[in-house]
Amino acid sequence: MTVLNDPATLDSTVRKAVADATITDIHTHLFPPSHGNLLLWNVDEMLTYHYLVAELFTMAPSGLTPADFRKMPKCRQADLVWEHVLLRRGALSEAARGVVTTLNKLGLDIGGRDLAGIRKWFAQQKTESYLVKVFELAGLDYAVMTNDPFQPAEVEHWRAGRPPHELLKPALRIDTLVSNWPAAAGMMTAAGYETAAMLEADSFDEARSFKEARRFLADWAKKIKPVYLAVSLPSDFAYPTDQPRGRVLNNVIIPAARELHLPIAMMIGTRRRANPALGDGGDAVGVADVSAVQNICAENPDIKFLVTMLSRVNQHELCVCARKFGNLHLFGCWWFCNTPSIIEEMTKMRLELLGANFTANHSDARVLDLLISKWSHTRDIVADVLADKYRLLFQAGWHPTDDEVRRSVRNLLGGAYEEFPAK
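Residues numbered from 1 in each chain as written. Predicted model: local features only at pLDDT ≥ 70, side-chain atom pairs only at ≥ 80, totals over all residues. Heavy atoms only, no water.

S.K.: Just checking my understanding: could you explain the sheet that holds strand β2 (residues 140-144) for this structure?
M.R.: In a beta sheet, neighbouring strands are held together by backbone hydrogen bonds and run either parallel or antiparallel to one another. The sheet built from three strands is open, its strands ordered β1-β2-β3 with parallel pairing. Two strands close off the open sheet at either side, each with one partner strand: β1 (23-25) and β3 (168-169). Note that β1 and β2 share three bridges and pair parallel. Looking at β2, one finds that Thr-24 is bridged to Tyr-142. In the packing of helix α17 (residues 370-395) onto the sheet, contacts are made with β1 and β2, and the angle to β1 comes to roughly 125°. (Pairing = 2+ DSSP bridges. Helix = DSSP H or I, 4+ residues; strand = E, 2+ residues; numbered from the N terminus. Contact = heavy atoms within 4.5 Å. Axes fitted to C-alpha atoms, helices over the stretch in contact; angles between N-to-C directions.)

S.K.: Explanation requested: helix α6 (residues 94-105) in the structure shown.
M.R.: Along an α-helix, residues three or four positions apart point the same way, because every turn accommodates 3.6 residues. The terminal C-alpha atoms of α6, which comprises twelve residues, lie 16 Å apart, in line with the 16 Å expected from a rise of 1.5 Å per residue. The complete set of buried residues in α6 reads Ala-96, Gly-98, Val-99, Thr-101, Thr-102 and Leu-103. Structurally, α6 contributes buried residues whose contacts are with α2 (43-47), α3 (50-56), α5 (74-87), α7 (115-123) and α17. (Expected span 1.5 Å × (residues − 1). Buried < 20%, exposed > 50% of the residue type's maximum accessible area, 1.4 Å probe, protein only.)

S.K.: Is there a simple way to think about the pattern of salt bridges in this case?
M.R.: Think of it this way: side chains of opposite charge can pair up when their charged atoms draw near. In total, this model carries 25 salt bridges according to the counting rule given. Linking Lys-16 and Asp-20 is a salt bridge whose minimum nitrogen-to-oxygen distance equals 2.5 Å. Here the residue Lys-16 and the residue Asp-20 both occupy positions in helix α1 (residues 7-20), the gap between them amounting to four residues, near one helical turn. Residue classification places Lys-16 among the exposed positions, given a relative accessible area of 53%. Relative accessible area serves as the criterion here: at 48%, Asp-20 is assigned to the partly exposed category. A salt bridge links Glu-83 to Arg-88; the shortest N-O distance between them is 2.6 Å. A relative accessible area of 27% places Glu-83 in the partly exposed class. The network of salt bridges with common partners includes Asp-11, Arg-15 and Asp-384. (Salt bridge = Lys/Arg side-chain N within 4 Å of Asp/Glu carboxyl O.)

Given below as structure tokens:
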């Protein structure tokens, strides 16, 4: 343990600690290689990530429609994004820069603009070894997946007994169960659970259906061993409420989390299908009510909640809320907040209000390769913010040790998350 007694040494120690830190990516949409085509990777998948597709349609030729685009082969879609977003507009957006950063860190000559040559390189890679390479370049110990028991394409792989990779841990996604009970009930019934679809019908046996839904979750938890339950919620999410969503939360999700000893991760603030033609890229952002988070934490003090919110407007109030509840852990800069200017702002504010007791970011990656750029960009921002905070602390008379610096860095990049369930 070394006391850092001069500002220059402190600055370099902070930056080195961030550069060397092992990261835990606590929320992604990745899959193991055993799940076949569900694991997305290579340059064409990067270029057709919905962030870039949505950007394309802010500048695309007037004759190109989203419907026409979806009918094209993947490589042709990627060609259009490459031409219009990267070549003609200079790759200035964060999504475009992410592709450039990733290719550069893979050792490819992105400056040569040789898309055909880049594709040739990717065609020579093997999925298993490439996944390991990406994790090494990103500096991750593991990432948490999103695993949905209401998606047939995913279910078939789990039922076939195909195990996850050691670098990937499951999370049990419950959106359909929370926000579309009739659809979830139909799928659970088809799988052998006695769940009725109509919550409001006079004949609805609430006790039986909700008990069966909890059994469904318990069976899936036993099958995949998730690290948490995960749900994305709209900007109008309210708690408490007598609406179906509230009844399912109170009678299925929260009791199941209690029985299974699992945290509940809530991602709040989407406005789904603002532009349906864009598919996954057509969702927008809405300002949510932080009192819903406050209420659910207050009413369920024995349940741990991991929360991120989509709107920049919500971040300060949510951060204050996290100061009041030990069962609330803030994580990441989600989706539209995952841009450098907002990551910097949010990380500064959270440090000022919470110390290092939060998770600075998560990648939310759907394409494996983008782990590289998302974490490269985040490391740079965290290093700048943390170096500045330690400079101010030094000026106030506190001289940190190198161990203190490394511990704070690790907390921000996954350590606080790993400690949270045991608090």
